Amino acid sequence: MPLRLDLIAAVSENQGIGINGRLPWRLKKEMAYFTRLTTETKDPSKKNVVIMGRRTWDVMPKKYRPLSNRINVVLTSKDLILGDEALVCKSFPEALEKLSKIPLTDKIERIWVIGGSSVYKAAMELPNFHRLYLTLVRKYFECDTYFPPISNEFHLVKDPEVPEGIQEENGLQYEFKVYEKA
Ligand SMILES: NC(=O)c1ccc[n+]([C@@H]2O[C@H](COP(=O)([O-])OP(=O)(O)OC[C@H]3O[C@@H](n4cnc5c(N)ncnc54)[C@H](OP(=O)(O)O)[C@@H]3O)[C@@H](O)[C@H]2O)c1
């Protein structure tokens, strides 16, 4: 069975995800949640994949990239060479095809789509798309990058790995929610 894709994003009340190539907020615990979910595997011999757009890769501080203990995939139309740091692919089908190649596929537990905007949109349209892990930040933020519209095929589910209730940090409230494609 092909691996399913999950998406993880932090989204403001006005659906914003970024401004000037960075996150609109600074939430350390929220970032730790992102790291935990995208890194942890049930099988210690396996790793997770993180798929991102070229801009998200570019704007990530160099000290954080490639994202550690995860297989990094960058989507771009350009002929980028990132060596051992990341697998560069021109589309989702190309990325999934490369990741499905033995022996790589045996080493993968989950595939996480980590943004930005058009990458999230393309992922949600894939037949093997599974879940949205959204952090809903309860504030309006000035943004220049937005989360794409979510179709009504998605419904709220519970995940034991995801804390429930309102979280609070730096005077900001946010909530972790998980939606699954019907
Ligand atoms: N809040 C969050 O959870 C979150 C998460 C991630 C990012 N962000 C923020 O979002 C912003 C960056 O996101 P963005 O939407 O501007 O850019 P992005 O999606 O990271 O990158 C866009 C680029 O990715 C490539 N690309 C996108 N879809 C593709 C596809 N299906 N196939 C092949 N290539 C594809 C193209 O690269 P080429 O132009 O090279 O062809 C495109 O120009 C930053 O502000 C960042 O901080 C926020």
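Every chain's residues receive numbers from 1 upward, in the order its sequence appears when written. Residues qualify for local features only when their pLDDT is at least 70, as the model is predicted, and side-chain atom pairs are given and counted only at 80 or more; totals for whole chains, interfaces and linings, by contrast, use all residues. For the side-chain quantities, the full set of heavy atoms in the structure was used; hydrogens and water were omitted.

## Some points on the pattern of salt bridges
Operational definition: We count a salt bridge whenever a side-chain nitrogen from Lys or Arg sits within 4 Å of a carboxyl oxygen from Asp or Glu. Each helix is a run of DSSP H or I of at least 4 residues and each strand a run of E of at least 2, with the numbering of both proceeding from the N terminus. Burial status follows relative accessibility: with a 1.4 Å probe on protein chains alone, a residue under 20% of its type maximum counts as buried, one over 50% as exposed, and anything between as partly exposed.
Summed over all chains, the structure comprises twelve salt bridges. The closest approach of N and O atoms between Asp58 and Arg54, which form a salt bridge, is 2.9 Å. Taken together, the residues Asp58 and Arg54, both in helix H2 (residues 54-59) and four residues apart, mark about one turn of the helix. Under the relative-accessibility criterion, Asp58 is labelled partly exposed at 41%. On the accessibility criterion, Arg54 (28% relative accessible area) is partly exposed. For the salt bridge of Lys101 with Glu97, the shortest nitrogen-to-oxygen distance reads 2.5 Å.

## Notes on helix H3 (residues 92-99)
The line we're drawing: Note that the arc is computed from the directions linking the helix axis to the C-beta atoms. Contacts are assigned to residue pairs that have any heavy atoms within 4.5 Å of one another. In protein, a polar contact requires one atom able to donate a hydrogen and another able to accept it; more generally it is a pair of N or O atoms within 3.5 Å, and residues adjacent in sequence count only if both atoms are side-chain atoms.
Along H3, the positions that sit buried rather than exposed are Phe92, Ala95 and Leu99. Seen along its axis, H3 keeps its buried residues to an arc of 65 degrees; they face one direction. On its buried face, H3 sits against strand E1 (5-11), strand E3 (47-53), strand E4 (70-75), strand E5 (87-89), strand E6 (108-113) and helix H4 (117-124). Capping of H3 at its N-terminal end is provided by Ser91; its side-chain oxygen lies 3.1 Å from the backbone amide nitrogen of Glu94.

## Quick look at the site of the ligand
Worth spelling out the cut-off: Near residues are defined by distance, with any heavy atom within 4 Å of the molecule or strand qualifying the residue. Here the open area of atoms and residues is found with the Shrake-Rupley method and a 1.4 Å probe, where only the protein chains shown may cover a residue. Charged residues are taken to be Asp, Glu, Lys and Arg, nonpolar residues to be Ala, Val, Leu, Ile, Met, Phe, Trp, Tyr, Cys and Pro, and polar residues to be all remaining types, Gly included.
Looking at the ligand, there are 27 residues lining it, with Arg54, Arg55, Thr56, Thr76 and Ser77 nearest. In the environment of the ligand, an oxygen atom lies 3.2 Å from a nitrogen or oxygen atom belonging to the backbone of Arg22. Protein burial of the ligand: of its 930 Å² of free accessible surface, 82% is covered by the chains. For the shell around the ligand, the secondary-structure elements that each account for two or more residues are E1, strand E2 (16-18), H2 and H4. Along the lines of polarity and charge, the residues of the shell around the ligand split into ten nonpolar, twelve polar and five charged.

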